[in-house]
Amino acid sequence: MTRRPYIVGNWKMHGTRAMLSEARAIDRAAQRHMKVEVALAPPFTLIHPIHREAEQISVGAQDCHHEDGGAFTGDISAAMVADAGAKFVILGHSERRQGHGETDGLVRAKAQAALAAGLRIIMCCGETIDIRESGRAVAFVGKQLKASLPPADEAPADLAERVTIAYEPIWAIGTGTAATTDDIAEMHAEIRKLLVELYGEEQGGEARIIYGGSVKPENAAEIFAVPDVGGALVGGASLTADSFMGIALAAGEPTDH
């Protein structure tokens, strides 16, 4: 099945209302390039303002709590982000796993909560440079995903539409150095194999796998040419419409990987 490339901007802890002009510019540009699916995950405070003004792009959250509600000061549930206008949520990002001590089990619980709230999820995975250099990257990412994704008997019937995997080697995030195309091809092929093993050919074979880690307009086309790369999760380069849409344009025609 041919799917539109999925280009998602993760604004991380950047953005006040002054950034709404960039979101509007991204939305206008996305309306002119319908062959690419463009989305933004701003800070919680901007989800509703961007959702209210956006006509083409989808808006998501960068995280959610695994409980529906309760005495969890400072946390936000999946239902709350959905109520604010979010259509998806990024889960298991390395900055959450490492900086906030999130375990695979916690990430799985968040995924189940998000799916139950009607959200799509982008499940992040990736290895450190030590794991990469030791030759254990594929095994590590496979184990991480198996423990973070919902088990097959609890997965949604339309998993291919609602679950996206984002491979982000930790050593490439924010460093300016992307993984090599060979490394990306190997990992995405292994992730595809795992998804089919877990969920079957119909769903596991069609779920999107996107790449993240120092993606920029200059290297995007080369990355998108790799088999099983269905888009990108973009950090710093998503903060301006020019650089972000440069990446979206590099996605070009959707390909049937």
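Quick look at the structure, then. These numbers were taken from a predicted model, which means no experiment stands behind them. (Residues numbered from 1 in each chain as written. Predicted model: local features only at pLDDT ≥ 70, side-chain atom pairs only at ≥ 80, totals over all residues. Heavy atoms only, no water.)

The strand order around the closed barrel built from eight strands is β1-β2-β3-β4-β5-β6-β7-β8, with neighbouring strands paired in parallel fashion. Neighbour to neighbour, the strand axes of the sheet diverge by 25° on average, direction disregarded. In this fold helix α9 (residues 181–204) packs onto β5 (120–125), β6 (163–167) and β7 (209–212), with an angle of close to 145° to the strand it touches most, β7. (Pairing = 2+ DSSP bridges. Helix = DSSP H or I, 4+ residues; strand = E, 2+ residues; numbered from the N terminus. Axes fitted to C-alpha atoms, helices over the stretch in contact; angles between N-to-C directions. Contact = heavy atoms within 4.5 Å.)

Quick look at the pairing of β6 now. With five of five residues buried, β6 lies mostly within the body of the structure. Of the two faces of β6, the one lined by V163, I165 and Y167 and the one lined by T164 and A166 are each fully buried. Two strands pair when backbone bridges link them, and β6 and β7 are joined in this way by three bridges, in the parallel orientation. Across the sheet, residue A166 finds its bridge partner in β7, namely I210. On the question of chirality, the crossover connecting β6 to the parallel β7 by way of α9 is right-handed. (Buried < 20%, exposed > 50% of the residue type's maximum accessible area, 1.4 Å probe, protein only. Right-handed = clockwise from strand over helix to strand, strands pointing away.)

Before going further, it helps to examine the side chain of S148. Along the chain, the position of S148 falls in helix α7 (residues 137–148). What makes S148 buried here is its relative accessible area of 0%. Only 3.5 Å separates the side chain of S148 from the side chain of D104, close enough to count as a polar contact. Of note is the side chain of S148, whose polar atom sits 2.8 Å from the backbone oxygen of Q144. (Polar contact = N/O pair within 3.5 Å; in protein donor to acceptor, adjacent residues only side chain to side chain.)

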